[in-house]
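# Report on the structure
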Amino acid sequence: MSKKILVITGSPRGNGNTNTVANAIVEGIEKAGGKVDLVDATELECQAVGCTCCNACQPDNLACVLEDDVSDLVADFPKYDVIAFVTPIYFFSFPAQLKSVIDRMYSLLLHEGGQIFSPLKRIQFAVAAVAGGTAEDSGFEIIKAQMGYLEELIECPATKFFFKGGCSSKTSAAEDAACVEGAEKFGFSLVKNAQD
Ligand SMILES: Cc1cc2nc3c(=O)[nH]c(=O)nc-3n(C[C@H](O)[C@H](O)[C@H](O)COP(=O)(O)O)c2cc1C
């Protein structure tokens, strides 16, 4: 059965470097025979930004009670094999638009007896980050650390990463053949692992 992959982008610049990378990743996924849904987090209608910590999802509701696009998207997360965040790096982390989606994942973490249970446990997460700086100084290391904490919390597989540095609103990743090829290969690898 073909893998189902959700790609969520977080750049407010529609034709920016992030979306170039996202489109190449989608191409790679499709070449590998995966089924992909592409969602732009910056276009989602939301009743509230991020999680309001109302705790209506706890202890066992496992659904966000806010009635908006973000809740609907997050409710669908368990249907996927892979969830890939394709993101610009803003202030050394995810931009607010994408963090708003990530925070709502709280509704899929069941807190019980000091332990966390989540249907996200079986999900393969991936992050493709686009930044002005380098892998070392852009904040990419912080994103890697954040995903590491998530992996420990919900015991999901190790996140897969792709990085494209040296970008700005004046550069075009589309003109960087190595970047586009690398992103496409990354997309391909989300469907076909060495073990598959
Ligand atoms: C608000 C803002 C914050 C940024 N913060 C960082 C940062 O912390 N580290 C970095 O390397 N680049 C940073 N950048 C640069 C962006 O990551 C870079 O311009 C990237 O190309 C944005 O993606 P886009 O081309 O899809 O817009 C920032 C840009 C903006 C607009």
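Described in the following lines is the structure provided in the data block. Just so it is clear, the model here is predicted, and its values are computed rather than measured.

Attention shifts here to the nonpolar core. For soluble globular proteins, the rule of thumb is that nonpolar side chains tend to be buried together. Counting residues in hydrophobic clusters, the biggest one holds 32 residues, and the most contacted among them are Ile 8, Phe 77, Ile 83, Phe 85, Val 101, Leu 120 and Phe 125. Listing elements by their share of this core, those giving two or more residues are strand E1 (4-9), helix H2 (69-75), strand E3 (82-88), helix H3 (96-103), strand E6 (124-130) and helix H4 (140-154). Leaving out residues up to four positions away in the same chain, Leu 120 has contacts with Phe 77, Met 105, Leu 108, Leu 109, Phe 125, Ile 154 and Cys 156. Counting 24 residues, the second-largest nonpolar core is a separate cluster that includes Ala 32, Val 82, Ala 84 and Ala 128.

Moving on to the sheet that holds E1. Within the open sheet, the 5 strands sit side by side as E2-E1-E3-E6-E7. Their pairing is parallel. Looking at strand neighbours, the two that pair on one side only are strand E2 (35-40) and strand E7 (160-164), the edges of this open sheet. When strand polarity is set aside, the average angle formed by the axes of neighbouring strands in this sheet is 15°. With respect to the sheet, helix H5 (residues 177-191) is in contact with E1, E3, E6 and E7, its orientation differing from that of E7 by roughly 170°.

Another point: the packing of aromatic side chains. Per the counting criterion, the structure on display carries 5 aromatic pairs. Arranged with centres 6.1 Å apart and planes meeting at 15°, the rings of Phe 85 and Phe 125 form a pair that is stacked. Note that Phe 85 is positioned in strand E3 and Phe 125 in strand E6, a separation of 40 residues in sequence. Exposure remark for Phe 85: the relative accessible area of 1% places this residue in the buried category. Relative to Phe 186, the ring of Phe 162 lies with its centre 5.7 Å away and its plane at 40°, an arrangement referred to as tilted. Of the two residues, Phe 162 is situated in strand E7 and Phe 186 in helix H5; the sequence distance between them amounts to 24 residues. Residue Phe 162 is classed as buried on the basis of its relative accessible area, which comes to 13%. Owing to a relative accessible area of 8%, Phe 186 belongs among the buried residues under this scheme. In textbook terms, an aromatic cluster arises when at least three aromatic residues are bridged by ring pairs, as seen for Phe 85, Phe 94 and Phe 125.

Calculation rules
- Residues numbered from 1 in each chain as written.
- Predicted model: local features only at pLDDT ≥ 70, side-chain atom pairs only at ≥ 80, totals over all residues.
- Heavy atoms only, no water.
- Core = buried A, V, L, I, M, F, W, Y, C linked by side-chain atoms within 4.5 Å.
- Buried < 20%, exposed > 50% of the residue type's maximum accessible area, 1.4 Å probe, protein only.
- Helix = DSSP H or I, 4+ residues; strand = E, 2+ residues; numbered from the N terminus.
- Contact = heavy atoms within 4.5 Å.
- Pairing = 2+ DSSP bridges.
- Axes fitted to C-alpha atoms, helices over the stretch in contact; angles between N-to-C directions.
- Phe/Tyr/Trp six-rings, centres within 6.5 Å; stacked < 30°, edge-to-face > 60°.

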